[in-house]
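Here is what each chain is made of, one letter per residue.
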Amino acid sequence: MQPEVITQLSTEAILLVLKLSLPLVGVAAVIGLLFGFLQALTQLQDQTTTYAIKLLAVFGLMALLAPWLGVETIGFAGRLFDLVAAVR
């Protein structure tokens, strides 16, 4: 396998990971900021509620985005397997 192909696949894999994780990390960050602001306003210092709500939101978003996440991952795996089959 050519070094250029390996570099391209590595770059594509890293971009795929970033693309798939960005919505989940974004939702967790926004919820963390909102609840941090709410806790500052109410002077509530319980960290457990923020983690629980972020966890539920991320799992809910993963359930909603599961078809898209699967299609993107399977598409990359298919391209990778086709490339490996073409080398033989």
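Shown above is the structure to which this text applies.
What this report covers is the structure whose coordinates are included nearby. In this text, all values refer to a predicted model and were calculated from it rather than measured experimentally.

1. A closer look at the pattern of salt bridges
Phase 1: The full count for this structure, using the stated rule, is two salt bridges.
Phase 2: The closest approach of N and O atoms between Arg79 and Glu12, which form a salt bridge, is 2.6 Å. Here Glu12 lies in helix 1 (residues 3–42) and Arg79 lies in helix 2 (residues 47–87), a separation of 67 residues in the sequence.
Phase 3: Residue Arg79 is classed as partly exposed on the basis of its relative accessible area, which comes to 45%.
Phase 4: Overall, the relative accessible area of 23% leaves Glu12 in the partly exposed class.
Phase 5: Glu72 is the partner of Lys19 in a salt bridge, and the nearest nitrogen-oxygen pair spans 2.9 Å. Residue Lys19 is found in helix 1, and its partner Glu72 is found in helix 2; the two are separated by 53 residues along the sequence.
Phase 6: Note on Lys19: relative accessible area 41%, which makes it partly exposed.

2. What about the environment of Glu12?
Phase 1: C-alpha of Glu12 to C-alpha of Phe76: the two residues are 64 residues apart in sequence and 8.4 Å apart in space.
Phase 2: The residues touching Glu12, leaving out its near neighbours within four places in the chain, are Phe76 and Arg79.

What counts, and where the lines are drawn
Residues numbered from 1 in each chain as written. Predicted model: local features only at pLDDT ≥ 70, side-chain atom pairs only at ≥ 80, totals over all residues. Heavy atoms only, no water. Salt bridge = Lys/Arg side-chain N within 4 Å of Asp/Glu carboxyl O. Helix = DSSP H or I, 4+ residues; strand = E, 2+ residues; numbered from the N terminus. Buried < 20%, exposed > 50% of the residue type's maximum accessible area, 1.4 Å probe, protein only. Contact = heavy atoms within 4.5 Å.

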